[in-house]
Amino acid sequence: MGIILKLEGVKKVYQKAERSVEALRGIDLSINRGELVAVVGPSGSGKTTLLNIIGCLDLPTSGNVIYDGRELGSMNEKELAIYRKENISFIFQSYNLIPVLTVTENVELPMVIERRYGRKEMREKAMEILSAVGLAEMADRFPRELSGGQEQRVAIARALVKDPIVVLADEPTANLDSHTAEEIVELMEKMNEARETTFVFSTHDSLVQRHAHRVVTIRDGLIKADDAITERRVEV
Amino acid sequence: MKEVLRIALRNVLRHRRRALITAITMMVGIGLFIGMDSMLEGVDRMSIENMINLSDSSVRIYTKAYDADRQSLPLENGIADPAAVAAKLASDHRVVASTERTQFVAQVSNYRDATYAVGNVINPVTDARVFTLKDHVVGSFFGTASPGTVDRRVVMGKSLAGKLGLKLGDTVVISARTRYDAQNADDFLIVGLLSTGDPVIDASSFFITYSSANDFLDLGGLVTEMDVSLVKHANLSSMERDASEVALLVGKAFPTLRPYTFQELAKSLIEILKVKRIWTYMIILVILLIAAVGIANSVLMSVYERIREVGVLKALGFRKREVVWMFTFEGIFVGLAGSFLGAVLGILIDWFLVGTGVSLGKSAESVSASAGMAFGSTLYGTWNWGTITFAVLFGLTVALIAGYIPARRAAKMTATAALRFV
């Protein structure tokens, strides 16, 4: 499998009042297509910043992000928005479903924004992905009527519905109990296998890490370890 | 855009109570604005109509020489040939009638106390065609004089009579200088009391006929003014146009005459009405601005509650302008509901004011006195569709701006900043 994402010397400095905070201090990282990568590290280590930069929600202070051979730094704002819209999906810690839209409407939303599909096709794709995450019977419910695990499943369905190349998940299991967290990661694993979608997710949870192909450990804005999970299992 | 609309509409429905309170504030503001405008327009119209009907007529004609000194009401410089002027006026299709008058200063007394008043010499028959004094008289508006006797009848303002403790059927002593500057006084029988609502007429005027004045004031048929009644129109501007045209016609035909239109005579009244209206509009504007703040607050609360949602939408690919529209639509929906309800409320208020009116009851006289102008016992409003349209458009504009400003702030946030927002 070829490299889909490559980060070269990525630095990110935040200016807080008169103080500079170095969130990332030179990250070099390559992610292969279809990989399931866990980014781990303590709070404030730079995990979220890394995901935001990969997802073009934030721009690096220096360094390059190369997606499928194309340097993102050379893109203008509009091209970045298109890149994000067509290739990347996000899963958030707090699910962040739109409360006034039903489950189906939430899942359809990325397709509505992309304006690539017809009404009927959108509904079919939404129902297909909702069946895949086991929520077809909840299609007409509103987010407030769902449990946390169900909401995160909907968020996963929303992230996958437009067949993105990369899904970025920032602490997707942080608000869930361990059993549900395991289920969610298993679901991501299943989707990764079935659709060959690249997943990059940040987590604190060691149980969740076990499902990843690779675990990237980040501390103080630097990568401290980058282990293939099979090697780690052998070590253990 | 359809999705943006859907999210906006559902968000409004999700916060029904908040939206409803804002819409009601707006409804009250707009409804009051429409109602107040109707009432003010009605009061203005009634004041001017009363002025035309009771004292000034549509066009008043003096000679230029009299006009120069008319404040002292001299019995000189009269209109040379009133019949020729009347004939000229009668030939114009806009003229309904004309009448002659002569004003003079007099002292009226009940034998013990005396007060100054303005005497009006009139021809009761033609005067009643131009003015509506006859409709406001208790007793008679002269009627028929007893043949073979000297006419000494007077119709007095009710307040003037009251001031002297006089009533219908009593005798009042009128004392005045004649045309040739001799002092004359005589007893006049009060045949009618006027209660018009116009404080000038009611409290300081009396009316006698030319037949009595020719003898009492040595008038010799002197006519110092002519008053003209014109065809009535539904709107004031058409009446103003007619009055100007007729005045111009008279001025051209009789160069020694100085015709005044009612708008010239009521200049100060119209100015006062304008100032009053500006102040009232300011108050209403404040009410509408409060409604605007309500909408802005409502949208602002909605924005702050949903900052993270903005982050998600932006992460999903929503553009800045779509975020702006989403929140702006929320403001517009509330504004639309408020404006529509406000228009309905305003129309209901107008409907009541135009149809039933507000009865002043016994306070009509004191209201007229304190306002310094004549009001009827009932104040009626007028339909003003221009104001209703303006109020609705104003409400929508306010809602649009009030929604847009916080929406723009929300849209300016980056996705990451919005997602970090707690």
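What counts, and where the lines are drawn
- Every chain begins its residue count from 1, and numbering advances along the sequence as written.
- Ligands are numbered from 1 and chains lettered from A, in the order in which they are written.
- The predicted nature of this model means local features are confined to residues of pLDDT at least 70 and side-chain atom pairs, given and counted, to a pLDDT of 80 or more, with totals for whole chains, interfaces and linings taken over all residues.
- Think of it this way: build a C-beta for each residue from its backbone, and any pair within 7 Å is a contact.
- Only DSSP runs of H or I with at least four residues qualify as helices, and only runs of E with at least two residues qualify as strands; both kinds are numbered from the N terminus onward.
- A helix is expected to reach a length of 1.5 Å times the quantity of its residues less one.
- Field definition: a residue is buried when 20 or more other C-beta atoms are found within 10 Å of its C-beta, exposed when 12 or fewer are, and partly exposed for counts in between, with C-beta atoms placed from the backbone.
- Between any two strands, at least two bridges found by DSSP are needed for them to pair.

Draft legend 1. Broad picture of the interface of chain B and chain A. Contact with chain B, which involves 15 residues of that partner, is made by 17 residues of chain A. Taken together, the elements giving at least two residues each to the side of chain B that touches chain A come down to helix H1 (2-14), helix H12 (307-316) and helix H16 (415-420) of chain B.

Draft legend 2. Region of the structure containing the environment of isoleucine 61 of chain B. All names here are of chain B. Residue placement: isoleucine 61 occurs in strand E1 (residues 59-63). Placed 166 residues apart in sequence, isoleucine 61 and aspartate 227 show a C-alpha to C-alpha distance of 6.4 Å. If we skip the residues at most four places from it in the chain, isoleucine 61 touches Ile79, Val85, Glu225, Met226, Val250, Leu257 and Pro259.

Draft legend 3. Spotlight on helix H11 (residues 267-305) of chain B. Residue and element names in this part refer to chain B. In this model, H11 (39 residues) spans 56 Å end to end at C-alpha, consistent with the 57 Å of a helix rising 1.5 Å per residue. If you check which residues of H11 are buried, you get Leu288, Ala291, Ala292, Gly294, Ile295, Ala296, Ser298, Val299, Leu300, Ser302 and Val303. The inward-facing, buried residues of H11 contact H1, helix H2 (16-56), H12, helix H13 (320-355) and helix H15 (385-412).

Draft legend 4. Region of the structure containing unusual backbone geometry. Residues and elements named next belong to chain A. Phi at cysteine 56 is positive, roughly 65 degrees, even though this residue is not glycine. Inspection of the secondary structure puts cysteine 56 in the loop between helix H1 (47-54) and strand E4 (62-67). Owing to 23 C-beta atoms within 10 Å, cysteine 56 belongs among the buried residues under this scheme. Unlike most non-glycine residues, aspartate 163 shows phi in positive territory, near 50 degrees. Assignment of secondary structure puts aspartate 163 in the loop between helix H5 (148-160) and strand E7 (166-170).

Draft legend 5. Up close: the sheet that holds strand E5 (residues 70-71) of chain A. Residue and element names in this part refer to chain A. Spatially, E2-E1-E4-E5 is the arrangement adopted by the 4 strands of the open sheet, whose pairing is antiparallel. At either margin of the open sheet sits one strand with a lone partner, and together these are strand E2 (19-32) and E5. Two strands pair when backbone bridges link them, and E4 and E5 are joined in this way by 2 bridges, in the antiparallel orientation. Looking at the pairing, tyrosine 67 lines up with arginine 70 of E5.

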